[in-house]
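Spelled out, the chains give:
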2 protein chains.
Amino acid sequence: MKKIKVHIADDHKILIDGIIAVLSSEENIEVVGYSLTGKDVLNWFASNEADILILDINMPKVDGIGVLQNFLEQGFQQKVIVLSSYDETKLIKEVLKIGANGFLAKKCAGENIVEAINAVYNGKQYFSKSIQEKLLSTFTKQLTKSDLPSQDGSFFSSLTPREIEVLRLIAKQYNSKEISKLLHISVNTVETHRKNLISKLNVKNVVGLAIYAVKNNIV
Amino acid sequence: MKKIKVHIADDHKILIDGIIAVLSSEENIEVVGYSLTGKDVLNWFASNEADILILDINMPKVDGIGVLQNFLEQGFQQKVIVLSSYDETKLIKEVLKIGANGFLAKKCAGENIVEAINAVYNGKQYFSKSIQEKLLSTFTKQLTKSDLPSQDGSFFSSLTPREIEVLRLIAKQYNSKEISKLLHISVNTVETHRKNLISKLNVKNVVGLAIYAVKNNIV
DNA sequence: TTATTTTTAACGGTTTTCAGTGATGTAAAA
DNA sequence: TTTTACATCACTGAAAACCGTTAAAAATAA
């Protein structure tokens, strides 16, 4: 019997070990590798084989969405199940738009991951219960309140390296003047980056930026 | 042979299931229960028995430190191993001051949890490697730079309910004026709370508050 | 080599934050 | 009963954030 080969990417080794332990009792699933950073994922798949990638979207250093984007853009054909601590509508939508095959909130039960792997391997999509609920409620809201008109059309497009750099410094509680000195650029430039970040990420203020940064481990 | 009874508290069910799976191969350890919220922990221990509590410090709604504090204040004699996504010096110090027996960063390997349980059960303290490194570097810094004089003496004392309320709204990107309307209090009061939060949590500005809020799931 | 994206920069004006200081009522704890 | 902690409110001034708009280099991609 052919086993489904799975690769797990998450910055929490303890969670990886946990998932491996959960999957070890499954006859038809085999964990063939794991990565602790987004970068490692791409490297691993460049020289190894797996059927499914389980990807934690909240990984350090890089914009989590970016990893997923790169992975799919580089032509990898493997199915992707996204794991996330946060079940935010925006995030779910974006992930689906980019092309993930499944979405699991971390608060879901371990057995769901088995279901997800089997479903996705067989060409289906899989969403954990809380995600399904989110999507449904979004859908119903859409009927009434035209959920998040998204102002400019394309929010959430991934950030430029410089923007991520500025964002990281913002999240370290530096103000614009301090950031300008650290990066040797004008305060105006920093403020421009800041404004662009706020509009790109569709948040209201620095607080929104800080929260995005933490949730995406850009710290 | 008497088994070590363990209770796990974490808001990520998938992690709990993972840890259970990891521990299932251990002859002398038995997971006798789990909680998904801080509140449940206290309730569970009021009517059940366990030797060790594995507590995720980043749990929803309540100030994670608060749960630990309540647990120990209510006279529970069980050993506590704290799990955390973030290995911040401040947090580690506070947790140890309150009286936890072990501290594991989530990025550590699954086997560490077994070591931690055994060590703590036998009256020892246990810290995962990254935590040990943090503590060491803090210690060496102390010799040179008098690490965090903490200004007023007692930073990080846990927050009042009202402060947590304000903090939650700040983390939702409301500004002071909006919060004052939501809570039907004066802007000045909100600003006072905000200032107290900043000094209590020893952060620099709203960004620090937002980050604290996310890391403690006060969202 | 164009075309596009990214990074850089500026200006003027409004709003908000933040630090400092001080004050009052209330409720619980010592 | 007297602290102590909590929530409430006020005023000031400087600093920072925020908004809108514009636009030129520089780097990259088509």
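As the structure is a computational prediction, the values presented were derived from the model and not from experiment.

Undergrad: It is not clear to me how the overall build of chain A should be interpreted in this structure. Could you clarify?
TA: Within chain A one finds 10 helices and 6 strands. Long-range pairs, those at least 24 residues apart, make up 65% of the contacts in chain A between residues at least 6 apart in sequence. Of the accessible surface of chain A, which amounts to about 10,200 Å², a share of 51% is contributed by carbon and sulfur atoms.

Undergrad: When you look at the protein's contact with DNA strand C in this model, what are you seeing that I'm missing?
TA: Close contacts around DNA strand C come from 20 residues, with Thr160(A), Arg162(A), Ser186(A), Lys195(B) and Asn205(B) the closest. Taken together, the sugar and phosphate atoms account for 63% of what DNA strand C places within 4 Å of the protein. Within the side chain of Asn175(B), a nitrogen or oxygen atom sits 3.3 Å from a phosphate oxygen of DNA strand C. By residue class, the composition of the surface near DNA strand C is 4 nonpolar, 9 polar and 7 charged.

Undergrad: How should I be thinking about the relation of the copies chain B and chain A in this particular structure?
TA: Comparison of the two chain copies shows a relationship of rotation about an axis with a shift along it. In screw terms, the move from chain B to chain A is a rotation of 180° and a rise of 0.0 Å along the axis, fitting with an RMSD of 0.2 Å. Such a turn and shift between the copies fits a two-fold axis. Within chain B, Gly18(B) has its C-alpha nearest the rotation axis, a separation of 1.7 Å. Taken as a fraction of all interface residues of chain B, those also at the interface in chain A reach 100%, which identifies the copy contact as same-surface.

Undergrad: Hey, could you run me through the sheet that holds strand 2 (residues 29-35) of chain B in this one?
TA: Within a sheet, adjacent strands bond to each other through the backbone by hydrogen bonds, running parallel or antiparallel. Residues and elements named next belong to chain B. Spatially, the 6 strands line up as an open sheet ordered 2-1-3-4-5-6, and their pairing is parallel. With one partner strand each, in any of the chains shown, strand 2 and strand 6 (126-127) form the two edges of the open sheet. The pairing of strand 1 (residues 4-9) with strand 3 (residues 52-56) spans 4 bridges and is classified as parallel. For Ile8, the partnering residue across the bridge sits in strand 3 and is Ile54.

Undergrad: Looking at this structure, how should I read the protein's contact with DNA strand D?
TA: Neighbouring DNA strand D are 17 residues; Lys195(A), Asn205(A), Thr160(B), Arg162(B) and Ser186(B) lie closest to it. For DNA strand D, the backbone makes up 65% of the atoms found within 4 Å of the protein, where backbone means sugar plus phosphate. Within the contact set of DNA strand D, a phosphate oxygen lies 3.1 Å away from a backbone nitrogen or oxygen of Val206(A). Those elements giving two or more residues to the surface near DNA strand D turn out to be helix 8 (176-183) and helix 9 (187-200) of chain A together with helix 7 (161-171) and helix 9 (187-200) of chain B.

Undergrad: Please clarify how the interface of chain B and chain A should be interpreted in this entry.
TA: Where the parts come together, the accessible area they lose is often given as the size of the interface. At the interface, 36 residues of chain B touch 36 residues of chain A. In total, chain B and chain A occlude about 2,800 Å² of area from one another, counting both sides; carbon and sulfur atoms represent 67% of this. At the surface where chain B touches chain A, the tally comes to 2 salt bridges. Of the charged contacts, one joins Lys204(B) and Glu178(A) as a salt bridge, the two residues approaching to 2.5 Å between their closest N and O atoms. Applying the counting criterion to the chain B and chain A interface returns 14 residue pairs in polar contact (both at pLDDT 80 or more). Among the elements of the structure, helix 1 (13-23), helix 5 (110-121), helix 7 and helix 10 (206-215) of chain B are those that each provide at least two residues to the side of chain B that touches chain A. A total of 8 residues in the side of chain B that touches chain A trace back to one element, the largest contributor, which is helix 1 of chain B. Classifying every residue of the side of chain B that touches chain A gives 19 nonpolar, 8 polar and 9 charged.

Undergrad: What am I meant to see in the pairing of strand 1 (residues 4-9) of chain A here?
TA: Put simply, side chains in a regular strand alternate between the two faces of the sheet. Residues and elements named next belong to chain A. By the criterion of burial, strand 1 is predominantly enclosed, with 5 of the 6 residues buried. Looking at chain direction, strand 1 and strand 2 (residues 29-35) are connected through 6 bridges and run parallel. Residue pairing across strands places Ile4 opposite Ile29, the latter belonging to strand 2. Crossover strand 1 to strand 2 through helix 1 (residues 13-23) is right-handed.

Undergrad: Looking at this structure, I do not really get the side chain of Ser180(A). What am I missing?
TA: Residue and element names in this part refer to chain A. With respect to the secondary-structure elements, Ser180 resides in helix 8. Taking relative accessible area as the criterion, Ser180 reaches 6% and is therefore assigned buried. Excluding residues that lie within four positions of it along the chain, Ser180 makes contacts with Ile185, Ser186, Val187 and Val190.

Undergrad: What should I look at first to understand the sheet that holds strand 6 (residues 126-127) of chain A in this one?
TA: Residue and element names in this part refer to chain A. With respect to topology, 6 strands assemble into an open sheet ordered 2-1-3-4-5-6, the strand pairing being parallel. Here the strands that pair on one side only, and so sit at the sheet edges, are strand 2 and strand 6. In the packing of helix 1 onto the sheet, the strands contacted are strand 1, strand 2 and strand 4 (79-84), and the crossing angle to strand 2 comes to about 170°.

The rules behind these values
- Residues numbered from 1 in each chain as written.
- Chains lettered and ligands numbered in written order.
- Predicted model: local features only at pLDDT ≥ 70, side-chain atom pairs only at ≥ 80, totals over all residues.
- Heavy atoms only, no water.
- Helix = DSSP H or I, 4+ residues; strand = E, 2+ residues; numbered from the N terminus.
- Contact = heavy atoms within 4.5 Å.
- Areas by Shrake-Rupley, 256 points an atom, 1.4 Å probe, with all protein chains shown as cover.
- Near = heavy atom within 4 Å.
- Polar contact = N/O pair within 3.5 Å; in protein donor to acceptor, adjacent residues only side chain to side chain.
- Nonpolar A, V, L, I, M, F, W, Y, C, P; charged D, E, K, R; others polar.
- Least-squares fit on C-alpha atoms with pLDDT ≥ 70 in both.
- Pairing = 2+ DSSP bridges.
- Buried area = accessible area lost by both parts, 1.4 Å probe.
- Salt bridge = Lys/Arg side-chain N within 4 Å of Asp/Glu carboxyl O.
- Buried < 20%, exposed > 50% of the residue type's maximum accessible area, 1.4 Å probe, protein only.
- Right-handed = clockwise from strand over helix to strand, strands pointing away.
- Axes fitted to C-alpha atoms, helices over the stretch in contact; angles between N-to-C directions.

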